Amino acid sequence: MNYVIGIDFGSESGRAVLVDSENGDIIKVAEMTYPNGVLTKSLNGKPIKANMVLQNPNDYVEVLNATIKTLLKETKVDPNNIKGMGVAFTSCTCLPVDQQLTPLCNKEMYVDQPHAFAKLWKSHSAEKEAQFITEKLADHPYLGKYGGVISSEWLLPKLLEISNDTPALFENMDYFLEAGDWIVSLLTGKVSRSTCSAGYKGTWQKKDGYLDKEILHSIHPSLADVYTRQLKGEIISVGCSAGTLTPYFANLLGLSENTAVGASIIDAHAAVPGAGIYKPGILQIVMGTSSCHLLLSEQEITIPGISGVVEDGILPGLYAYEAGQVAVGDIFASFIKNQVPTNYIQESNERNLTVFQLLNEKAETLDVGETGMVALDWHNGNRTPYVNSNFSSVFVGETLQTEAHEKYRTLLEATAFGTKVIVDLFEEKNIDIHQIVVTGGIPKKNPFLMQIYADVLQKEILVVDHHQIPALGAAILGAAAAHDKADEKYSLNSAIQKIGFKDYIQYSPNKKHEKIYNKLYGIYRNLSHYFSSNDDFLTLHTLKTGREMNNGAKFMESIK
Ligand SMILES: Nc1ncnc2c1ncn2[C@@H]1O[C@H](COP(=O)(O)OP(=O)(O)O)[C@@H](O)[C@H]1O
Ligand SMILES: O=C(CO)[C@@H](O)[C@@H](O)COP(=O)(O)O
């Protein structure tokens, strides 16, 4: 029997899966929380910059080592039968390293220097740099490929921030790497970057490569040579082999030196192969605290507010789009925490139900439209299409008789309408979406919500009934890497069909609800148009938070 390993590095923990490469059975899962956790306030007792989120990169190697050892110990499989491994990582999580790939934070002189550590994807301390780069790229064709905004989460702003804050460290690093690429480079002993991480987070495009030297120089002279210095490294397509294990790592992990290592992939994107998707036209939604939407297509078009469109970004030979809703589960959690009255909490306790279960039970008794309400799902701003973190929510239709479960249902519907906006953006540009596959923490927990999505979108929804889909996606890349070049006929597509998850729970659209949901969606769109262009409304949020309108918003205003 042959096996592959997939490792999924999340924000707080990492997990490895051992998978039968013949049929995709997940034989064993091993998980571990990062020992040093997520550092948001201080490093070694000293405060760090506002909005900076750090991690100790040694934790990633510890998790890699411990989880793989657990897989081997508990299954007793012959390491020689483990043919490949793949790495999925949250992104853009990145770190500076030296020539030997040692993180700079391991050097005596940098143990207290925050910029020498890994910055987690949600580190937003490079906002000033991101806004500056977005302004500089205002007329550049790449900006449209990234929805009009370069995010503070991405590689260039994070690198420019280091150049601005600690020029000596900027000069001292040999590489600035995505953590997923770092792990793959360590494992194989050669520096590589994947088309996925470089494409979505490093402003790399297959046809024209990186941003050119002149534009980089105009952003900051220190950046002019970054792609031959700090950001150098061979770009390898997702689905290809980055090499085999070095003797050191084979020995450390207890694996064979012949184990192939696939090019890395971003965790959300790994859910596409993990969920068995290899064809265009199937929208994958990873639904949790927020939603990430991924779609394969043969065409490249410009869509406002998308996080990126990248050729070979998820599968070789296809364009892959990423779009997003900044809050989904977060909206429900905040409603339950702040707005559900005590009699609901009491009832849920007495009946041994979660508050979600009680609210669902009550909300399900209502007919479509019976709440008499529509809301905007903008509690944490809007990503696609407006890219504006200053937007906030609106409820219309509330009366003296409105009850909590009616508001809850209205919020569930609002998130479905937010997804419909994204689906419509693609369909209006003739990008086909014939099916929707949902993964992530929410879908299995809330069948009622899934039926609302099917009815609002009037499309079949397939829910993937497993927790480890990104890790399974990574394992698929390991399987494809093991066959890369060895067997011309074995493609990533074959690996997905063989190993990708196949057990779906299906939700079919109820035609009866189409008309009334279209009516409610029309109201949602009208509210969106009105409130996205109403300065007084935006002022409310800026008054409350003291924040200025962000650059993304200014960009979208300028192209209206
Ligand atoms: N039954 C439920 N219905 C809808 N949302 C839920 C339910 N239970 C938990 N959630 C939401 O799921 C979110 C967490 O999703 P999960 O995928 O586990 O996390 P993450 O997005 O951090 O990976 C929380 O925002 C929570 O409010
Ligand atoms: O930014 C992306 C995808 O582009 C993700 O890696 C990021 O949202 C992290 O998600 P998780 O916290 O790993 O669920």
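Residues numbered from 1 in each chain as written. Chains lettered and ligands numbered in written order. Predicted model: local features only at pLDDT ≥ 70, side-chain atom pairs only at ≥ 80, totals over all residues. Heavy atoms only, no water.

Naming follows an unreviewed UniProt entry, where the protein appears as Ribulokinase of Viridibacillus arenosi FSL R5-213. We quote the UniProt Sequence similarities (unreviewed entry) comment for the protein here in full: "Belongs to the ribulokinase family." Heading Pathway (unreviewed entry) of the UniProt record for the protein holds this comment: "Carbohydrate degradation; L-arabinose degradation via L-ribulose; D-xylulose 5-phosphate from L-arabinose (bacterial route): step 2/3." (UniProt positions renumbered as here; feature names shortened; annotations may be inferred.)

A.B. asks: Got a minute to help me understand the overall build of the protein in this structure?
C.D. replies: Scanning the protein from terminus to terminus reveals 20 helices and 24 strands. In terms of C-alpha radius of gyration, the protein reaches 23 Å, essentially the compact-globule figure of 24 Å for 560 residues. Dimensions of the protein along its principal axes, counting C-alpha atoms only, are 70 × 55 × 50 Å. Relative to its full complement of 560 residues, the protein shows a buried share of 60%. Contacts spanning at least 24 positions in sequence make up 73% of the contacts within the protein whose residues lie at least 6 apart. (Helix = DSSP H or I, 4+ residues; strand = E, 2+ residues; numbered from the N terminus. Rg over C-alpha atoms; globule rule 2.2 N^0.38 Å. Buried < 20%, exposed > 50% of the residue type's maximum accessible area, 1.4 Å probe, protein only. Contact = heavy atoms within 4.5 Å.)

A.B. asks: Could you clarify how one ought to interpret the site of ligand 1 in this entry?
C.D. replies: Taken together, Met287, Gly288, Thr289, Gly329, Asp330, Phe332, Ala333, Phe356, Gly441, Ile442, Lys445 and Asn446 make up all the residues around ligand 1. In the model, an oxygen atom of ligand 1 is placed 2.9 Å from a nitrogen or oxygen of the Gly329 main chain. Relative to its unbound accessible surface of 590 Å², ligand 1 loses 67% to contact with the protein. By residue number, the principal contributor to the shell around ligand 1 is helix α11 (residues 329-339), which donates four residues. (Near = heavy atom within 4 Å. Polar contact = N/O pair within 3.5 Å; in protein donor to acceptor, adjacent residues only side chain to side chain. Areas by Shrake-Rupley, 256 points an atom, 1.4 Å probe, with all protein chains shown as cover.)

A.B. asks: What is the right way to look at the pattern of salt bridges in this model?
C.D. replies: Should the charged atoms of two oppositely charged side chains come close, the side chains can pair. If you walk through the whole model with that rule in mind, you get 25 salt bridges. The partner of Arg351 in a salt bridge is Glu347, with the nearest N and O atoms 2.9 Å apart. A relative accessible area of 23% places Glu347 in the partly exposed class. Arg409 is paired through a salt bridge with Glu413; the nearest N and O atoms lie 2.9 Å apart. Pair noted here: Arg409 and Glu413 are both in helix α14 (residues 404-428), with a separation of four residues, about one helical turn. The exposure class assigned to Arg409 is buried, which follows from its relative accessible area of 4%. (Salt bridge = Lys/Arg side-chain N within 4 Å of Asp/Glu carboxyl O.)

A.B. asks: I'm lost on the site of ligand 2 in this one. Help?
C.D. replies: Around ligand 2, the neighbouring residues are Ser11, Thr90, Ser91, Trp121, Lys201, Ile266, Asp267, His269 and Glu322. Here an oxygen atom of ligand 2 and a backbone polar atom of Ser91 are 2.9 Å apart. In the model, an oxygen atom of ligand 2 is placed 2.5 Å from a nitrogen or oxygen of the Asp267 side chain. About the coverage of ligand 2: the protein hides 72% of its 380 Å² of free accessible area. Residue composition of the shell around ligand 2, grouped by class: two nonpolar, four polar and three charged. (Nonpolar A, V, L, I, M, F, W, Y, C, P; charged D, E, K, R; others polar.)

A.B. asks: Is there a simple way to think about the UniProt feature "domain: Carbohydrate kinase FGGY N-terminal" (unreviewed entry) in the protein in this case?
C.D. replies: Within this structure's numbering, the places UniProt gives as "domain: Carbohydrate kinase FGGY N-terminal" (unreviewed entry) are residues 3-272. The annotated region residues 3-272 carries 32% helix and 23% strand content, and the separation between its end C-alpha atoms amounts to 20 Å.

A.B. asks: Explanation requested: helix α10 (residues 267-274) in the structure shown.
C.D. replies: The buried count for α10 comes to eight of eight residues, which makes it a mostly enclosed element. Three or more residues of α10 are buried, namely Asp267, Ala268, His269, Ala270, Ala271, Val272, Pro273 and Gly274. One or two residues past the end of α10 sits Gly276, with phi positive at roughly 85°.

A.B. asks: How should I be thinking about the environment of Gly441 in this particular structure?
C.D. replies: Here Gly441 lies in the loop between β22 (435-439) and α15 (447-457). Taking C-alpha positions, Gly441 is 39 Å from Gln99, a pair spaced 342 residues apart along the chain.

A.B. asks: Explanation requested: the sheet that holds strand β23 (residues 461-464) in the structure shown.
C.D. replies: Strand pairing in a sheet relies on backbone hydrogen bonds, with the paired strands running either antiparallel or parallel. Taken together, seven strands build an open sheet; the order of strands is β18-β19-β17-β16-β22-β23-β24 and the sheet is mixed. In this open sheet, the two edge strands, each paired with only one partner strand, are β18 (308-311) and β24 (504-507). Ignoring strand direction, the axes of neighbouring strands in this sheet form an average angle of 20°. Inspection of the sheet shows strand β17 (residues 291-297) paired to strand β19 (residues 319-325) by seven bridges, in the antiparallel sense. Of the residues in β19, the one forming a bridge with His293 is Ala323. Running over the sheet, α10 touches β16 (282-287), β17, β19 and β22 and is turned about 50° from β17. (Pairing = 2+ DSSP bridges. Axes fitted to C-alpha atoms, helices over the stretch in contact; angles between N-to-C directions.)

A.B. asks: Whenever I open this one, the side chain of His115 confuses me. Can you help?
C.D. replies: Secondary-structure assignment places His115 in the loop between β8 (94-97) and β9 (118-119). The buried category is assigned to His115, whose relative accessible area is 4%. Here Lys119 takes part through its side chain, which lies 2.9 Å from a polar atom of the side chain of His115.

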